[in-house]
Structures are given as C-alpha cells and as structure tokens.
Amino acid sequence: MAMDLAKEAPNVVTEAGFKDLIESGYHVEVVCMEDAYRKNSVWHGLWVLRAVSDEGVEKQLVTARARTTGDSIQIRKFKTVTGLVSFLIDLGFSVVAFPVYQGQRWTYTLSQTEDNGSDD
C-alpha cells in the first residue's frame, strides 16, 4: 500500500514537492549537521535541507526511495559540497554558499539570486 506523506508525515516533502514549494515562495534552509572537512580537493560533511515558509512552516527534504520500499521515511542527507551545490543549482539558485560548522544554517530565497549577477 502506498504511503500518503501528507497524512503520515506532514512536515516532510520529497524532491519534486520541495522544488514546488521553493518556486511558490518557500525559503531553503541548509543546516550543517557535522563540521565540514576537506579530504584531498573535496569538502565533506553532513547537510540537510528544509523548505520554510514566511509563516514558519517547515518541511524537511526526504528521499523518495523510502516510499517505494516500505521502509520508514529517510531524511535526504548531503555528504559532499559537490552534491549540495549541484542540488541547489538544480533548484534554480545561481549563487551558492553553505555553512561549514555543526549547527550553522544558511537560508536561500529564489528572488535573492534571480537578479544577482545581471549586467543592468
């Protein structure tokens, strides 16, 4: 039986729903869960993402795979800066920064980056 995430866990959203929320005005909050460190030329750490409305409603990004396997809902975790940056760019952000110490947060809004970098 398919799980209805809206009924089972109203504070989570899959990638497709996450993108819809961001495009409708939610902010993206990147939370650093473990201090970042550099190994060779790659930065590693642990980051999670939330969609946050102006009213303070938070939706945690989760993987879609858990829905099909019957397992419990799994929070989507980014373990490298490359993965985090790629995901944020795919959401439409053209300027990317990220927290590097556990507990730090960084917030993005699509309207902030849409006008940056223009030659006007």
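Up top is the structure these notes are about.
The residue numbering used here restarts from 1 in each chain and proceeds along that chain's sequence as written. Under the rules for a predicted model, residues below a pLDDT of 70 receive no local features and side-chain atom pairs below 80 are neither given nor counted, while totals for whole chains, interfaces and linings still include all residues. Calculation of side-chain values draws on the structure's entire complement of heavy atoms; hydrogens and water are dropped beforehand.

Caption draft 1: Structural view of the pattern of salt bridges. We define a salt bridge as a contact between a side-chain nitrogen of Lys or Arg and a carboxyl oxygen of Asp or Glu at a distance within 4 Å. All told, the structure shown has 4 salt bridges when counted by the stated rule. Taking the shortest distance from any N to any O, the salt bridge between Glu15 and Arg76 comes out at 3.1 Å. In this pair, Glu15 is assigned in helix H2 (residues 15–23) and Arg76 in the loop between helix H3 (65–69) and strand S5 (78–80), connecting sequence segments 61 residues apart. The partner of Arg50 in a salt bridge is Glu58, and the shortest N-O contact between them spans 4.0 Å. Remark: exposure states derive from per-residue accessible area (1.4 Å probe, protein chains only) relative to the maximum for the residue type, with buried under 20%, exposed over 50%, and partly exposed in between. For Arg50, a relative accessible area of 17% translates into the label buried. Given a relative accessible area of 40%, Glu58 falls into the partly exposed group. Connected through salt bridges with shared partners, the residues Glu29, Arg50, Glu58 and Arg105 form a single ionic network. Only DSSP runs of H or I covering at least 4 residues are called helices, and only runs of E covering at least 2 are called strands; the numbering of each starts at the N terminus.

Caption draft 2: Highlighting the pairing of strand S2 (residues 27–39). In short, DSSP must find at least two bridges between two strands for them to pair. Where S2 and strand S3 (residues 42–52) come together, 10 bridges link them in antiparallel fashion. Note that in S3 the partner of Val30 across the bridge is Leu49. Hairpin connection of S2 to S3: 2 residues between the antiparallel strands, including Asn40 at a positive phi of 60°. Looking at chain direction, S2 and strand S6 (residues 105–108) are connected through 4 bridges and run antiparallel. Residue pairing for S6: Val31 is matched across the bridge by Arg105.

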